[in-house]
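Close look at the chain arrangement
The primary structure of each chain is shown beneath.
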Amino acid sequence: MFSGIAAGFLSVLFMCSSYIFSRSYIRKHQDPVKLSIFSQLVMSAGGLILLTGYLCFASVPCNQKFFALLLGQVTTFIWGQTSFFVLLKEVEATRASSLIGLKLIALAVVSTLLGNMLSGLQWLAVLLCTVAAVGMNFSGGRLSLRAVFWLVMASFGYALCDMCITKMMLLMPGKSMLFNAVGVMGCCFTLLGVAVLPGLLKYPLRRDELKDSVPYSLVYLGSMLFLYTCFGLIGVVFGSIIQAGRGIVSIILGMVLLHFGLEKNEPQVSGKIWLRRSIMAVFMLSAMILYTLTVNR
């Protein structure tokens, strides 16, 4: 279990960093859809390299269930990712990364509907994370209806995507979840690159825009490698609880950005707001501990 938790925290660190790069891209080029398309092309090259390396040592399951999950992952990933990029036009990066913690409540609801019941303490941990995410949002000001809509869209898209990833990881033949993650990522991101190719008809490829998407793409790939490993080791709900720790990392990251004068990526806020965000981060940490206790029981 420790390995899964460690992988989850590494994923959070990389993911929060990727949000800063995505915010920077959108500020420069003013189009989240372009980032969605161009970053997928960059990541598909990385996915193809990973898949080629994986196939030198092992094989992927060639059955209907695996390929159905692969198609579902690709569809829901594009749904969630594009929704999140549109959300970034409405709120700052570190605030958005905290709000996506609401994905957890969407995940718990979908899991329950599919018959995977959570215990009372596990639901308490989920709700505690949700309160923390909402609390961080309120400390940063009100959300517009447009922002709320894209937040809900992104949350459910990511939740369904995570469920597909977890089921694919459990179908892989390898004993090492990190190695299995390489194979699943190779399949997913290679196919994602193919899926976004029609988007080039509307958004022709430009060298400067593709180049500017590379930093985000590489950091996000690193985040996904650890996230897939985390889901394979400790499951999608517990892994998402750990991912809610992005709120804690966001606070630290926001302070670092402000310290170095990068207000364009993270606007300055009052000490009262930082205090409230810190309290909500403690709530998130409490939820992680609570869920961990339920797993050990």
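All of the points below concern the structure found in this document. If you're wondering where the values come from, they're calculated on a predicted model, not measured in any experiment. (Residues numbered from 1 in each chain as written. Predicted model: local features only at pLDDT ≥ 70, side-chain atom pairs only at ≥ 80, totals over all residues. Heavy atoms only, no water.)

Let's talk about the pattern of salt bridges
Enumeration according to the criterion identifies six salt bridges in this entry. D162 is the salt-bridge partner of K103, the closest N and O atoms lying 2.6 Å from each other. On the criterion of sequence distance, the pair formed by K103 in helix 5 (residues 103-113) and D162 in helix 7 (residues 145-171) is long-range, its members being 59 residues apart. As far as the burial class goes, K103 and D162 line up, both buried. With a closest N to O distance of 3.7 Å, E209 and R206 form a salt bridge. Note on E209: relative accessible area 3%, which makes it buried. (Salt bridge = Lys/Arg side-chain N within 4 Å of Asp/Glu carboxyl O. Helix = DSSP H or I, 4+ residues; strand = E, 2+ residues; numbered from the N terminus. Buried < 20%, exposed > 50% of the residue type's maximum accessible area, 1.4 Å probe, protein only.)

As for the state of the cysteines
Taken as a whole, this structure holds zero disulfides when the rule is applied. Here C161 is not disulfide-linked; the sulfur of C164 is the nearest cysteine sulfur, at 6.7 Å. (Disulfide = S-S within 2.5 Å.)

Quick notes on a nonpolar patch on the surface
On the surface, W79, V148, V152 and F156 cluster together to form a nonpolar patch covering roughly 310 Å² of accessible area. No other element matches helix 7, which puts three residues into the nonpolar patch. Locating V152 in the fold gives a position in helix 7. (Patch = residues over 30% accessible without salt bridge, like charges linked within 9 Å, V, L, I, M, F, W, Y side chains within 5 Å. Areas by Shrake-Rupley, 256 points an atom, 1.4 Å probe, with all protein chains shown as cover.)

Concerning the side chain of S36
As for its position among the elements, S36 is in helix 2 (residues 32-55). Look past the residues within four positions of S36 in its chain and what remains in contact with it is T82 and F85. (Contact = heavy atoms within 4.5 Å.)

Section: the packing of aromatic side chains
Counted under the stated rule, the structure contains nine aromatic pairs. A ring pair is formed by F66 and F67, whose centres lie 5.9 Å apart and whose planes are at 85 degrees; its orientation type is edge-to-face. Look at F149 and W150: their rings are 5.0 Å apart centre to centre, the planes differ by 75 degrees, and that puts the pair in the edge-to-face class. Accessibility expressed as a relative area gives 44% for F149, which makes it partly exposed. Through a chain of ring-to-ring contacts, three or more aromatic side chains come together here, namely F77, F189, Y216 and Y220. (Phe/Tyr/Trp six-rings, centres within 6.5 Å; stacked < 30°, edge-to-face > 60°.)

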